[in-house]
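# Observations on chain architecture
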Amino acid sequence: YGAPVGACYAGGDEDRVTVDALAEMLFQAGGRRPASAIGYLYGHGQSCPHRSAIRVRGGVSGFVDAHSDIFAMEPPGAGERCPSIRLVTDEERLSWAAASAAEWAKRPLCRFHKAGRCLKG
């Protein structure tokens, strides 16, 4: 698992602190923990910014889906009762980037690009 430092954030700045905290917690645990471990981020009280950021995304699975470039949710394994959250591997990131580039290449060219005057490349 790649270190979460310098990761790309799919969400806004309001998620950044929670993304950093969850990524660090997973990284220290070897890259994977039960989804119930998210409670360790909450601290005390209802005003915790991590709790708010996760609730805004519709809960733990929504938060993980919103940051699928960093986290992945796995179903419970044999003998487990809770799904797990894990860090996305470097190989998965590279695969995702390659698929995104291939999709980008399939897009039709704009009329400016066809005329050689596109400023976006």
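To start, this report covers the structure provided alongside it. Quantities reported herein were computed from a predicted structural model and do not represent experimental measurements.

Here is what the cut-offs are and how they apply
Residues numbered from 1 in each chain as written. Predicted model: local features only at pLDDT ≥ 70, side-chain atom pairs only at ≥ 80, totals over all residues. Heavy atoms only, no water. Helix = DSSP H or I, 4+ residues; strand = E, 2+ residues; numbered from the N terminus. Buried < 20%, exposed > 50% of the residue type's maximum accessible area, 1.4 Å probe, protein only. Contact = heavy atoms within 4.5 Å. Pairing = 2+ DSSP bridges. Axes fitted to C-alpha atoms, helices over the stretch in contact; angles between N-to-C directions. Arc of directions from axis to C-beta. Salt bridge = Lys/Arg side-chain N within 4 Å of Asp/Glu carboxyl O.

## Overview of the overall build of the protein chain
Along its length, the protein chain carries six helices and three strands. Secondary structure elements of the protein chain, listed N to C terminal, follow the sequence α-β-α-α-α-β-β-α-α. A burial count over the protein chain gives 31% of its 121 residues as buried. Counted over contacts in the protein chain with a minimum sequence separation of 6, partners at least 24 positions apart contribute 51%.

## Looking at the pairing of strand β3 (residues 84–87)
Consecutive side chains of a regular strand alternate in pointing toward one face of the sheet and then the other. Residues S84 and R86 line one face of β3 and the alternating positions I85 and L87 line the opposite face, and both faces are buried. Summarising the sheet, strand β1 (residues 32–34) and β3 pair through three bridges and their orientation is antiparallel. Note on β3: the bridge partner recorded for R32 is R86.

## Let's talk about the sheet that holds strand β2 (residues 71–74)
The sheet built from three strands is open, its strands ordered β1-β3-β2 with antiparallel pairing. Two strands close off the open sheet at either side, each with one partner strand: β1 and β2. Direction aside, the axes of adjacent strands within the sheet are offset by 25° on average.

## As for helix α3 (residues 49–56)
Within the sequence span of α3, burial applies to H50, R51, A53 and I54. For α3, the buried positions fall inside an angular range of 165° around the axis, keeping them on one side. Of the exposed residues in α3, the ones pointing more than 90 degrees away from its buried face are P49, R55 and V56. Immediately downstream of α3, the backbone of G58 shows phi near 90°, a positive value.

## Quick notes on the pattern of salt bridges
Side chains carrying opposite charge are able to pair once their charged atoms draw close together. Here the structure, examined in full by the defined rule, presents five salt bridges. Across the pair R57 and D15 runs a salt bridge, and its minimum N-O distance is 2.6 Å. Of this pair, R57 sits in the loop between α3 and α4 (60–66) while D15 sits in helix α1 (residues 13–28), placing them 42 residues apart in sequence. We classify R57 as partly exposed; its relative accessible area is 30%. On the accessibility criterion, D15 (2% relative accessible area) is buried. A salt bridge links R32 to E80, with the nearest nitrogen and oxygen atoms 3.6 Å apart. Of this pair, R32 sits in strand β1 while E80 sits in the loop between β2 and β3, and the two are 48 residues apart along the sequence.

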